[in-house]
Amino acid sequence: MLLLIALLPFVGFLVNVGFGRRMSKAVSGGVACGAIIASFLVSSVAVWRLVAQAPEERVFTQQVFSWIASGDLNVGFTLRLDPLSAVMILVVTGIGSLIHIYSTAYMDQERDSEYARYFSYLNLFAAFMLVLVLGANFVVMFVGWEGVGLCSYLLIGFWYEKKSASDAGKKAFIVNRIGDFGFILGIFLAFVRFGTLDFQEIARAVSGIAPESAFGVLSLMTLLLFVGATGKSAQIPLFVWLPDAMEGPTPVSALIHAATMVTAGVYMIGRNAALFSHAPETLTIVAIVGAATALMAGTIGLVQTDIKRVLAYSTVSQLGYMFLAMGVGAFAAGIFHLYTHAFFKALLFLGSGAVIHALGGEQDLRRMGGLRRELPMTYWTFVVGALAIAGVPGLAGFFSKDEILFRTFAGGHVVLWTIGLLTSLLTAIYMFRIVFLTFYGERREASTEHPVHLHDAPRPMAWALVALAIGSVLAGYVGVPAILGGGDRLAHFLEPSFHIEMAHEGGAGSTELALMILSSAIAIAGIGIASYFFLRNTRAAQAMADRFAGVYRVLSNKYYVDEIYDAAIVQPIRIVSEQGLWKIVDARVIDGLVNGAGRLVEVSSATLRRVQTGSVRAYAASLFFGVVAILGYYLWR
Amino acid sequence: MVTLNHYLVLSAILFAIGTAGVFVRRNLITILLSIEIMLNAVNLTFVAFGRAMGSADGQIIVFFVMTVAAAEAAVGLAIVISLFRHRESLNPDSFTALKW
């Protein structure tokens with residue numbers, strides 16, 4: 001049953017990759033959507049059965065086959081469904097289904113074969129993502145981890161004839177490779193330390209030892225795993241690939257680069273919560289990196305002009321929130337935010353996709369405006385998403401973000417909490433900057449050559465938008481904190497997966513309420529600031545940019561991180577490769593060895609060939625004298 | 001009394017004659033004949049040893065050698081004929097095209 005969940009999209013992939021060229025769009029899109037929806041239904045049944053169990057027995061394990069059995073290393077291709085992976089598979093297949101449906105309309109201008117190629121990649125991605133979240137040990141997870149990286153590369157570079165798209169695909173792949181190197185070293189270390197790679201057994205083994213007081217082997221192991229997470233989940237210092245990944249089709253950005261794949265790092269830490277909570281040094285680093293990333297990406301998001309890039313930096317920022325939650329030990333809050341973020345960020349991306357689709361490919365915020373009347377459906381759903389991410393009370397983002405901020409504050413991390421609060425102000429400002437620039441004000445001319453026929457989202461796109469908007473409103477209600485009369489049910493549901501005792505502060509009610517009011521006020525203030533600068537007094541934004549020209553330049557150039565990496569890493573590697581490795585090692589040493597071997601054979605052959613006289617009697621003579629010499633040697637020896 | 005040594009000496013003489021023929025003669029057919037002499041010298045050794053040891057093995061091997069020699073003569077003569085058609089000569093020194 002668990003295997004079926006991952007296998008169905010894989011079958012969809014095989015069908016589309018095998019027969020896609022000969023199928024019409026309706027068939028290949030139908031196969032892909034059917035596969036992921038079937039997977040969603042199977043997932044729902046599996047989760048239903050899981051919930052029916054008693055809380056401490058909520059684990060289904062299925063060993064598909066014994067994969068590697070070599071000495072101490074015993075790895076099975078094992079899938080395991082527990083509350084944490086249950087949340088993940090529902091997000092992946094549920095939101096995945098909506099995005100598949102959306103894509104059938106969004107991609108309809110592609111040729112039939114390209115259309116099938118797109119859907120085959122999308123199905124393959126879903127299959128690998130499900131393997132990632134269902135994997136019961138590090139090796140199976142790593143297969144999924146690399147698989148989704150591959151699909152991400154293929155889909156970012158989907159329009160490979162465009163140089164920037166294929167470059168962005170390569171950048172994503174290579175930056176992820178750096179993280180994956182750390183990840184795999186962490187896996188090796190885990191095996192050396194615990195002798196097993198199964199998550200449950202590692203959690204059991206680690207529960208018997210005391211948390212490390214100083215930086216030790218557990219800290220190193222978790223830090224290496226976290227390096228992998230920074231690559232996959234676009235945190236400092238490896239976040240540079242995600243904004244460029246926006247070169248891919250917009251539904252891909254929604255599915256892979258907002259809702260699912262980039263959250264794999266958060267999921268991985270949640271999966272190893274017991275391990276990470278035994279390495280407080282690492283947790284501190286995780287929290288600091290998360291908060292720093294959240295703030296940095298939030299500030300960059302303020303000034304970007306490409307609608308998808310703003311959303312990309314917003315994703316980086318929200319992922320920073322999730323890591324902040326993980327770092328302060330609020331694992332359930334982090335996963336809760338992952339889950340609500342999947343809804344409203346997918347919604348925002350799909351909404352921006354509808355805008356781009358309507359404008360014939362225009363992505364520049366400065367050339368949009370006044371689309372509220374022409375695209376009412378897109379407008380309303382987008383506003384719901386923006387309100388949800390800004391943290392307006394009652395919507396999904398409010399509950400999850402407040403949970404993180406409260407846990408951070410309750411854990412005594414006041415500085416990190418302040419950064420989180422500041423980031424939530426920035427979030428409200430940049431989200432409503434998009435809303436006001438896109439949907440309000442005067443219509444500005446688009447740059448695309450072909451005349452734009454403005455149209456609201458076609459029907460499949462509209463369905464997906466509405467479903468996600470409903471999700472963005474309601475998703476938060478599974479985790480309403482106790483103070484507001486909820487039961488914080490998601491946290492209780494997830495608790496067995498973390499294998500550690502979670503702290504349930506009951507007495508700090510008034511603090512929690514005060515923080516909630518504060519962050520709601522901040523969200524509303526952010527919307528107010530955005531409306532002042534981008535709606536009522538548009539010249540003020542320009543004046544502000546002129547007044548702080550230096551800051552503005554740094555932000556719009558993304559803190560020059562790409563340039564710094566280029567100068568510090570890419571160029572030195574280039575120079576060493578070109579001047580050293582190519583011109584000396586390759587051209588001189590390696591080519592010299594190969595040519596030298598050839599030359600040696602050539603010279604010695606030139607001498608030896610003289611023996612080949614062609615005269616039969618000479619051969620006979622040499623044979624005869626040879627035999628005489630050998631016999632003579634044995635006789636007179 | 002004819003002893004084993006007599007046979008071996010005769011065989012050595014025949015073998016030396018054959019070898020000398022291969023080296024000295026300039027006619028391919030004569031060279032083939034010389035090779036036959038060498039083979040038969042060896043045959044003689046086999047038979048002589050076989051008798052001296054009271055075993056039939058030597059004679060059996062001789063039958064094999066004779067079979068091979070017959071086949072070799074047939075193939076060898078066929079090659080000689082086609083070589084002659086090619087060069088109008090039987091001198092081995094005129095067939096030196098297969099060199100470096």
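About the criteria used
- Residues numbered from 1 in each chain as written.
- Chains lettered and ligands numbered in written order.
- Predicted model: local features only at pLDDT ≥ 70, side-chain atom pairs only at ≥ 80, totals over all residues.
- Helix = DSSP H or I, 4+ residues; strand = E, 2+ residues; numbered from the N terminus.
- Buried ≥ 20, exposed ≤ 12 C-beta atoms within 10 Å, placed from the backbone.
- Contact = placed C-beta atoms within 7 Å.
- Rg over C-alpha atoms; globule rule 2.2 N^0.38 Å.
- Pairing = 2+ DSSP bridges.
- Axes fitted to C-alpha atoms, helices over the stretch in contact; angles between N-to-C directions.
- Left-handed = near helix turned anticlockwise from the far one by under 90°.
- Nonpolar A, V, L, I, M, F, W, Y, C, P; charged D, E, K, R; others polar.
- pLDDT = per-residue confidence, 0-100.
- Core = buried A, V, L, I, M, F, W, Y, C linked by C-beta atoms within 7 Å.
- Parallel < 35°, antiparallel > 145°, perpendicular 65-115°, else oblique.
- Expected span 1.5 Å × (residues − 1).

Colleague: Run through the overall build of chain A, naming residues and quoting values.
Modeller: The secondary structure content of chain A amounts to 25 helices and 2 strands. In chain A, buried positions account for 50% of the 637 residues. Taking contacts inside chain A between residues at least 6 apart in sequence as the whole, the part at least 24 apart equals 81%.

Colleague: Describe the overall build of chain B, with residues and values.
Modeller: What chain B contains, in helices and strands, is 3 helices and 0 strands. Over its C-alpha trace chain B gives a radius of gyration of 17 Å, far above what one expects of a compact globule, namely 13 Å for 100 residues. Overall, the C-alpha framework of chain B stretches about 50 × 25 × 25 Å when taken along its three principal axes. With 100 residues in all, chain B has 11% of them scored as buried. Long-range contacts, defined here as pairs at least 24 residues apart, represent 45% of the contacts in chain B between residues at least 6 apart.

Colleague: I'd like a rundown of the pairing of strand β2 (residues 73–81) of chain A, residues and numbers included.
Modeller: All names here are of chain A. Relative to β2, strand β1 (residues 60–70) is paired through 9 bridges, and the arrangement is antiparallel. Residue pairing in the sheet places Thr61 in a bridge with Arg80 of β2. Taking the residues that link successive antiparallel strands as the turn, the β1-β2 hairpin has 2 residues, and the phi of Gly71 there is positive, at about 60°.

Colleague: Now, about the environment of Trp582(A): what can you tell me, with residues and values included?
Modeller: Mapped onto the elements of the fold, Trp582(A) is located in helix α24 (residues 561–608). Once residues within four sequence positions are removed from consideration, Trp582(A) is found in contact with Ser577(A) and Ala587(A).

Colleague: Got a sec to walk through the environment of Thr408(A)? Specific residues and values, please.
Modeller: Residues and elements named next belong to chain A. Of note, Thr408 is situated in helix α17 (residues 396–410). We classify Thr408 as buried; it has 30 C-beta atoms within 10 Å. Spatially, the C-alpha atoms of Thr408 and Leu324 are 7.8 Å apart, while their sequence positions differ by 84 residues. Filtering out sequence-adjacent residues up to four positions away, Thr408 remains in contact with Leu324, Val328, His413, Leu416, Trp417 and Gly420.

Colleague: If you had to explain the packing of helix α15 (residues 331–358) of chain A against helix α20 (residues 489–498) of chain A to someone new, which residues and values would you point to?
Modeller: Packed helices, taken two at a time, are described by their axes: the angle between them and the distance between them. Residues and elements named next belong to chain A. One way to put it is that α15 packs onto α20 with a least axis distance of 9 Å and a crossing angle of 115°. In this structure, α15 meets α20 at a crossing whose hand is right-handed. Of α20, the residues touching α15 (which contributes Phe331, Ala332, Ile335 and Phe336) are Leu490, Ala491, Leu494, Glu495 and Phe498. Along the lines of polarity and charge, the residues of the contact of α15 with α20 split into 8 nonpolar, no polar and 1 charged.

Colleague: Residue-level account of the environment of Asp562(A), with values.
Modeller: Residues and elements named next belong to chain A. Residue placement: Asp562 occurs in helix α24. Judged by C-beta crowding, with 15 C-beta atoms within 10 Å, Asp562 ranks as partly exposed. Sequence separation between Asp562 and Ala530 is 32 residues, and the spatial gap between their C-alpha atoms is 28 Å.

Colleague: Report on the confidence of the model for chain A, specifying residues and quantitative values.
Modeller: With 97% of its residues at a pLDDT of 70 or more, chain A has an overall mean of 90. When mean pLDDT is taken per element in chain A, helix α5 (residues 138–156) of chain A scores highest with 95 and helix α22 (residues 538–547) of chain A scores lowest with 83.

Colleague: Mind laying out the nonpolar core, listing which residues take part and the relevant values?
Modeller: Phe125(A), Met129(A), Leu130(A), Leu134(A), Leu324(A), Ala346(A) and Leu350(A) are the most contacted members of the largest nonpolar core, which has 201 residues in total. Residues within four places of Phe125(A) in sequence aside, it is in contact with Val148(A), Cys151(A) and Ile256(A).

Colleague: Tell me about the packing of helix α13 (residues 280–303) of chain A against helix α14 (residues 307–327) of chain A, and please be specific about residues and values.
Modeller: Residues and elements named next belong to chain A. Two elements in contact, α13 and α14, have axes whose closest approach is 7 Å; the angle formed by their N-to-C orientations is 160°. With respect to each other, α13 and α14 are oriented roughly antiparallel. Every pair of crossing elements has a handedness; the one defined by α13 and α14 is left-handed. Per-class residue counts for the contact of α13 with α14 are 15 nonpolar, 9 polar and no charged.

Colleague: Got a sec to walk through helix α2 (residues 28–53) of chain B? Specific residues and values, please.
Modeller: Residue and element names in this part refer to chain B. When the terminal C-alpha atoms of α2 are compared, their 38 Å separation across 26 residues agrees well with the 38 Å that a helix rising 1.5 Å per residue should span. Taken together, the buried positions of α2 are Leu28, Ile31, Ser34, Leu39, Ala41, Asn43, Thr45 and Ala48. Where α2 is buried, its residues contact α1 (4–24) and α3 (57–87). Phi turns positive one or two residues past the end of α2, at Gly54, with a value near 65°.

Colleague: An account of the confidence of the model for chain B is requested, with residue identities and associated values reported.
Modeller: The predicted coordinates ought not to be read in detail in places where the model reports low pLDDT. The predicted model of chain B has a mean per-residue pLDDT of 91, with 99% of residues at 70 or higher. Here the predicted complex scores 0.81 on pTM and 0.81 on ipTM.

Colleague: Requested: an account of unusual backbone geometry, with residues and values cited.
Modeller: Residues and elements named next belong to chain A. Residue Pro237 follows Ile236 across a cis peptide bond; omega there is 5°. Topologically, Pro237 is positioned in the loop between α8 (217–232) and α9 (241–244). Of note, the phi angle at Tyr560 is positive, near 60°, even though the residue is not glycine.

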